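# Results of the structural survey
Here is how the chains run, residue by residue.
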Amino acid sequence: MSRQAISDLDRSRIQTIRAAISAASDDVRARHGWLRHQDAIGALIMALSIAGAVASGWAYVADVIPWYVCVPLTAVFLSFIHELEHDLIHQLYFRNSPRAYNLMMALCWITRPSTISPWVRKRMHLHHHKFSGTESDIEERGITNGERWGLRRLIMTGDNMLAVYLRPKTIYKAARAFVIAQNPQSEEELKQLAHEQRRGYFPLGLIHYAFWHGFVLFHLANGIALLFGSGIPLSGGMETFIAGLNTAAVVYMGPNMLRTFCLHFISSNMHYYGDVEPRNIIQQTQVLNAWWLAPMQLFCFNFGSTHAIHHFVVKEPFYIRQATAKRAHAVMRENGVRFNDMGTFRRANRYAMADDAQPAAASAEAVDG
């Protein structure tokens, strides 16, 4: 598809969708006056989510719940915090209170260290809204959008570090395109932007992945050793360290990796890449809410069903989008937004449905609904 200007028809459709979503949001706010206390709501959700995650971890340590309950339960609480971070990036909470705002941002990163720094992500995400699906959309490229599906992409979807290590040239090109797209006005500004990209995971992300990969590699090696008769011999100090690492994997690292995989699987496949018209919101996303995705939606607060709404109207927090989803979906469907286009998995997330429009694609499927 050529990168032409948005058609008058699509411009009209976008305005119709935006007006309908805004009207639905206004109706919800008019019915529930307490929604005007947006800062307090955000702070309360943060407090309850952290309390829930801590309680879940404590219950595991105290032998009240097993690991297979603790990991998904904690991941659900962390999914709320991800939504808070996303809303904070759009300054939907504590816009006029810098200390409270930065505290909320810090709590988002501390509880979810598998992610990039929220302050670094802010620039990337706002750029994503302007240039979604293009080469400089490093936020989506970073989570594997545009890659052909296979074992390699499956592995990268749940591990941000491996998503870099397994395709350094792709990430370098995306980062370079992103930096250039910021239109730096001096060599110094260019260097600052490049440095910002390099330090995105410093320090929490690097620490998290060092321990997570250590946990995985140790148990893989120990499992192989057990197949040959005995496990890896450990000193008393190492036994204590491994025991602590195992606990951290259940109460902290594991829930984040589960949440990350589910979110990135949904997000990278509901966004289109490579052949979308610049700033054409109708082509940027689809609504991905097929029934079989429900387990993944649980760990990313129904992201596949509601995130496309956000691309049209960014000023509403995540719980408002959920409340207006039924009305929003109706007008979106009527005006050309796709629903459950599973052919995206075969087309490496290209928007065009025809096979000849994307050489890497094996085939395409018809859109559901």
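A brief structural summary. Source: prediction; values computed, not measured. (Residues numbered from 1 in each chain as written. Predicted model: local features only at pLDDT ≥ 70, side-chain atom pairs only at ≥ 80, totals over all residues. Heavy atoms only, no water.)

## Here we look at the overall build of the protein chain
- Each helix and strand counted, the protein chain has 16 helices and 0 strands in total.
- Computed over C-alpha atoms, the radius of gyration of the protein chain comes to 22 Å, within 12% of the 21 Å expected from 2.2 N^0.38 for 369 residues, which places it in the range of a compact globule.
- Projecting the C-alpha coordinates of the protein chain onto the three principal axes gives extents of approximately 70 × 50 × 50 Å.
- Classification of the 369 residues of the protein chain by burial places 50% in the buried group.
- Counted over contacts in the protein chain with a minimum sequence separation of 6, partners at least 24 positions apart contribute 71%.
- For the protein chain, the distance from the average position of its 36 positive side-chain charges to the average position of its 29 negative side-chain charges is 3 Å. (Helix = DSSP H or I, 4+ residues; strand = E, 2+ residues; numbered from the N terminus. Rg over C-alpha atoms; globule rule 2.2 N^0.38 Å. Buried < 20%, exposed > 50% of the residue type's maximum accessible area, 1.4 Å probe, protein only. Contact = heavy atoms within 4.5 Å. Lys, Arg positive; Asp, Glu negative; His and termini not counted. Charge placed at Lys NZ, Arg CZ, Asp CG, Glu CD.)

## Re helix H5 (residues 118–131)
- Helix length check: H5, at 14 residues, gives a terminal C-alpha distance of 19 Å against a target of 20 Å (1.5 Å per residue), a fit within 8%.
- Restricting attention to buried positions, one finds in H5 the residues Pro-118, Val-120, Arg-121, Met-124, His-125, His-127, His-128 and His-129.
- Phi turns positive one or two residues past the end of H5, at Gly-133, with a value near 85°. (Expected span 1.5 Å × (residues − 1).)

## Comments concerning the pattern of salt bridges
- This model, assessed by the stated rule, comprises 15 salt bridges.
- Note that Glu-316 is salt-bridged to Lys-315, the shortest N-O span being 2.9 Å.
- For Glu-316, a relative accessible area of 3% puts it in the buried group.
- Exposure remark for Lys-315: the relative accessible area of 45% places this residue in the partly exposed category.
- Connected through shared salt-bridge partners, Glu-85, Arg-112, Arg-121 and Glu-139 make up one network. (Salt bridge = Lys/Arg side-chain N within 4 Å of Asp/Glu carboxyl O.)

## Brief notes about the packing of aromatic side chains
- Scanning the entire structure with this criterion turns up 11 aromatic pairs.
- Ring plane angle 40° and centroid distance 6.4 Å describe the contact between Phe-211 and Phe-241, whose orientation is recorded as tilted. With a gap of 30 residues between them, Phe-211 in helix H11 (residues 204–227) and Phe-241 in helix H12 (residues 236–270) connect regions that are remote in the sequence.
- By relative accessible area, which is 39% here, Phe-211 ends up partly exposed.
- Classification of Phe-241 as partly exposed rests on a relative accessible area of 40%.
- With a centroid separation of 5.0 Å and an interplanar angle of 85°, the aromatic rings of Tyr-272 and Tyr-351 are classed as edge-to-face. (Phe/Tyr/Trp six-rings, centres within 6.5 Å; stacked < 30°, edge-to-face > 60°.)

## Digging into the packing of helix H2 (residues 38–61) against H12
- Orientation of H2 relative to H12, taken along the N-to-C sense of each, is 145°, at an axis distance of 9 Å. In this structure, the crossing between H2 and H12 has a hand that is right-handed. Residues Gly-57, Tyr-60 and Val-61 of H2 form the contact with H12, whose own contacting residues are Thr-247, Val-250 and Val-251.
- Taken together, the residues that form the contact of H2 with H12 break down as 4 nonpolar, 2 polar and no charged. (Axes fitted to C-alpha atoms, helices over the stretch in contact; angles between N-to-C directions. Left-handed = near helix turned anticlockwise from the far one by under 90°. Nonpolar A, V, L, I, M, F, W, Y, C, P; charged D, E, K, R; others polar.)

## A look at unusual backbone geometry
- Each neighbour pair has its own omega, and for Phe-202 with Pro-203 the value is -5°, a cis peptide bond.
- Residue position: Pro-203 is located in the loop between helix H10 (187–198) and H11.
- You will see that Gln-91, though not glycine, has its phi angle at about 55°, which is positive.
- Its location among the elements puts Gln-91 in the loop between helix H3 (67–89) and helix H4 (98–111).
- By relative accessible area, which is 29% here, Gln-91 ends up partly exposed.
- Even without being glycine, Arg-279 reaches a positive phi, approximately 65°.
- Relative to the helices and strands, Arg-279 resides in the loop between H12 and helix H13 (281–284).

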